[in-house]
Amino acid sequence: MATDGAKGKLHFEDDFQRRAIDTTNVWYSNSDTGGTAFAINVQHNGVIRGGVDTSDNDITNLFSDPMWRPDDGGPLTLEIRAKPVTSVADGETYIGFSDATTDENPITLSATDVQTSNASDAAGFAYTGAGTADWKRVAVENATSRTPSRCNVKGATTPAVGTWQVFKVVINEDGHADFYINGIFQGRIADAVTPTVLLNAAVAVQSGGTARSLDVDYVEVWAGRRTTA
């Protein structure tokens, strides 16, 4: 569906170049007991860091408000640059779209890549340190989980401590999602999300018994301006 006028696209970007993130108007930053909520970390160019302690299944997450719909002048695009800190051992990481600000990890994987979907609609990347190699592209549409798939086009994508990676999800007007890591196309999930559902940016770190953190350099979203009633 075409958008009208020069302002047909909405652009949201947070590069975290300030002393504190806005958890009143922009971000929901949650952390279970013992964890560290996402907050500005002293690094050049602006970075936020969130982490968990050794308590199994404790979660620290970061959500924007659900405000973007794939069917409104799509595609809907999310890009996040992130790196693990200290450890990539047993535990869960999710980077992508979700549909709520509930204190949860939107999608998790078992050691054998069995998906658990806590969100009803979400599409992004999941990794478990106790599981198989590489990030997985994952999605859930209207509470129906899609099949996780390994992201290893043109080489391994397994996260490494201190190494930045750029994650990109592009959802078209029909709800199909394309996935990219460091600019390399990793595949598509058809019917990844319900295209009429409002989505938000989501990052979650979950403990598997090992203390670990995640740095986020920036979050960027491109969305079509509203074209529906």
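Rules behind the numbers
- Residues numbered from 1 in each chain as written.
- Predicted model: local features only at pLDDT ≥ 70, side-chain atom pairs only at ≥ 80, totals over all residues.
- Heavy atoms only, no water.
- Helix = DSSP H or I, 4+ residues; strand = E, 2+ residues; numbered from the N terminus.
- Buried < 20%, exposed > 50% of the residue type's maximum accessible area, 1.4 Å probe, protein only.
- Polar contact = N/O pair within 3.5 Å; in protein donor to acceptor, adjacent residues only side chain to side chain.
- Contact = heavy atoms within 4.5 Å.
- 1 Å grid on protein atoms, 1.4 Å probe; cavity = no way out; pocket = protein on both sides within 12 Å on 5 of 7 lines; lining within 4 Å.
- Points joined across faces, edges and corners; volume = space filled by probe spheres on them.
- Nonpolar A, V, L, I, M, F, W, Y, C, P; charged D, E, K, R; others polar.
- Core = buried A, V, L, I, M, F, W, Y, C linked by side-chain atoms within 4.5 Å.

Draft legend 1. Structural detail: the side chain of Asp-14. Relative to the elements of secondary structure, Asp-14 occurs in strand 1 (residues 9-14). Residue class for Asp-14 comes out buried when judged on its relative accessible area of 6%. A distance of 2.8 Å separates the side chain of Asp-14 from the side chain of Trp-27, its partner in a polar contact. Beyond its immediate chain neighbours, meaning those up to four positions away, Asp-14 contacts Trp-27, Asp-217, Tyr-218 and Val-219.

Draft legend 2. Geometry of empty space enclosed by the protein. Inspection of the entire model under this criterion finds one cavity of 30 Å³ or more. When its volume is computed, the largest cavity comes out at roughly 80 Å³. Together, Pro-84, Ser-87, Val-88, Thr-93, Tyr-127, Trp-135, Pro-159, Val-205, Arg-212, Ser-213 and Leu-214 line the largest cavity. Ranked by residue count, the leading element in the lining of the largest cavity is strand 18 (residues 212-224), at three residues. Per-class residue counts for the lining of the largest cavity are seven nonpolar, three polar and one charged.

Draft legend 3. Up close: the environment of Gln-43. Mapping Gln-43 onto the fold places it in the loop between strand 3 (36-41) and strand 4 (47-52). For the pair Gln-43 and Tyr-94, spaced 51 residues apart in sequence, the C-alpha to C-alpha distance is 23 Å. The contact partners of Gln-43, leaving out residues within four places of it in the chain, are Arg-49, Lys-83, Trp-164 and Asp-215.

Draft legend 4. Here's a closer look at the nonpolar core. Counting 38 residues, the largest nonpolar core has Ala-123 and Val-216 as its most contacted members. Secondary-structure elements contributing two or more residues to this core are strand 4, strand 6 (76-85), strand 7 (91-98), strand 10 (122-128), strand 14 (165-171), strand 15 (177-181), strand 17 (200-207) and strand 18. Sort the elements by how many residues they give to this core and strand 18 lands first, with five residues. Not counting residues within four places of it along the chain, the set of residues in contact with Val-216 comprises Phe-16, Phe-38, Val-47, Ile-48, Ile-80, Arg-81, Ala-82, Trp-164 and Val-203. In this structure, Ile-107, Ala-126, Ala-202 and Ala-204 belong to the second largest nonpolar core, which totals 11 residues.

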